[in-house]
Amino acid sequence: MTEQTPDTSLNSALATVIDPELRLPITELGMVETSQVDGTTARVKILLTIEGCPLKNTIEADVREAVGRVAEIEHLDLEIGYMSADQRSELRQRLGHTKANPFIAPESLTRVFAVASGKGGVGKSSATANLAAAFASAGLSVGIIDADVHGFSIPGLLGLVEGPTRMDDMIIPPVVEAPTGNGHIKVISIGMFVAADQPVAWRGPMLHRALEQFLTDVHFGALDVLLLDLPPGTGDVAISMAQLLPHAEILLVSTPQHAAVDVAQRAGTLSLQTQQKVTGVIENMAAMTLPDGSTMALFGEGGGQILVDSLGKALGYPVPLLGSIPLDMALREGGDAGTPVVWSAPETKAAAVFTDIATQLTHRPRGLAGKPLPFNV
Ligand SMILES: Nc1ncnc2c1ncn2[C@@H]1O[C@H](COP(=O)(O)OP(=O)(O)OP(=O)(O)O)[C@@H](O)[C@H]1O
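Calculation criteria
Residues numbered from 1 in each chain as written. Predicted model: local features only at pLDDT ≥ 70, side-chain atom pairs only at ≥ 80, totals over all residues. Heavy atoms only, no water. UniProt positions renumbered as here; feature names shortened; annotations may be inferred. Helix = DSSP H or I, 4+ residues; strand = E, 2+ residues; numbered from the N terminus. Buried < 20%, exposed > 50% of the residue type's maximum accessible area, 1.4 Å probe, protein only. Contact = heavy atoms within 4.5 Å. Areas by Shrake-Rupley, 256 points an atom, 1.4 Å probe, with all protein chains shown as cover. Near = heavy atom within 4 Å. Polar contact = N/O pair within 3.5 Å; in protein donor to acceptor, adjacent residues only side chain to side chain.

As named in an unreviewed UniProt entry, the protein is Iron-sulfur cluster carrier protein, taken from Rothia endophytica. Checking UniProt for the protein, the heading Function (unreviewed entry) contains the comment "Binds and transfers iron-sulfur (Fe-S) clusters to target apoproteins. Can hydrolyze ATP." What UniProt states about the protein under its Subunit (unreviewed entry) heading is, verbatim, "Homodimer."

**Q** Looking at this structure, how should I read the overall build of the protein?
**A** The helix and strand tally for the protein stands at twelve helices and 15 strands. Taking the principal axes of its C-alpha atoms as reference, the protein extends roughly 75 × 55 × 45 Å. Within the protein, the fraction of its 377 residues that count as buried is 50%. Taking the intrachain contacts of the protein between residues at least 6 apart in sequence as the baseline, contacts between residues at least 24 apart amount to 77%. Of the accessible surface of the protein, which amounts to about 16,900 Å², a share of 53% is contributed by carbon and sulfur atoms.

**Q** Just checking my understanding: could you explain the site of the ligand for this structure?
**A** Taken together, 17 residues form the shell around the ligand, and within it Lys124, Ser125, Ser126, Asp148 and Asn284 come nearest. Contacts to the ligand include Gly121, whose backbone N or O atom sits 3.0 Å from an oxygen atom. Separating an oxygen atom of the ligand from a backbone N or O atom of Val122 is a distance of 3.0 Å. Relative to its free-state accessible area of 630 Å², the ligand is covered by the protein chains to the extent of 77%.

This is how it looks when you write it as structure tokens:
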């Protein structure tokens, strides 16, 4: 066995420091410019990707912690610098960032789910955030594109305050870690690019361009699952999504209310034109259990089943009802507090149903692979 020198011990320690956004060891990202040991002092220079990097303090603390674990080292002389344009370009190459949509590459292993609804306020964004949380709790690497232009709520539902990091023409999305395990959620939202109190009054081509840029400029890295939170209805974004991610599978969220079924059905049958697959229906806001154990069906009952039956007939293949999420105060409170109910109250029925749906989806075979669409935007 070869003896570890202090220098190799230092490098091994630095290799345990993971860049929180890029999710790779800083030693593999060209971020360690100097690492040497003189006597009992380690001299380390770390290069951050950009000046004003929001994660400076985290990376610095992680480096100090890692070096502190090396027995031979008593002092750390740590310098923080910034990458040059050439070094950043090298990093982009190392990451394989090509400004091409990675999700339509034939070798892509990412499952893409577009979460849609017929109308607003049925819990589509809550379902997206909770499904992402359930996938991340299962150890998966998850991405969310919040494309709900008029109600971008995903960052708030996940408690994200920081925005993306711009590295020249590459955008690095902020990351939310699952409370246990290695799973995480990378989030990009239209809301991160507009002033907080400004409505997004964009026409179709601009929305198309924004979605396209999210797919080409945002460096998600290797994702197991990508979820898109679509605006309600069958508008421009749904059509752009179908064109940019033809193999995306549609998850339709609806309440049990019978009146909601027709609108949800229209959103579902759009898939006939886009040739996408409706992978399942999630019924949300189903009967809630009251403190005395009785149930109250505030939004009626049975809509989810009616919807899957009618979609099955219209689409010509069975569409499963993946689960029925009850109205639950913990779900609303978790969303308001920025922690999805799957993480904040895993013991609730709502959390259990989301977890079950995520499990079903990971075990279901993929939808039809990227078919060309019969129309252009
Ligand atoms: N099962 C549930 N129990 C209790 N509250 C819920 C449930 N599902 C959603 N909500 C609450 O209903 C409100 C609307 O939910 P959400 O924003 O997820 O809907 P949406 O369909 O994404 O709306 P929009 O289309 O406007 O973006 C939120 O306040 C959310 O916390």
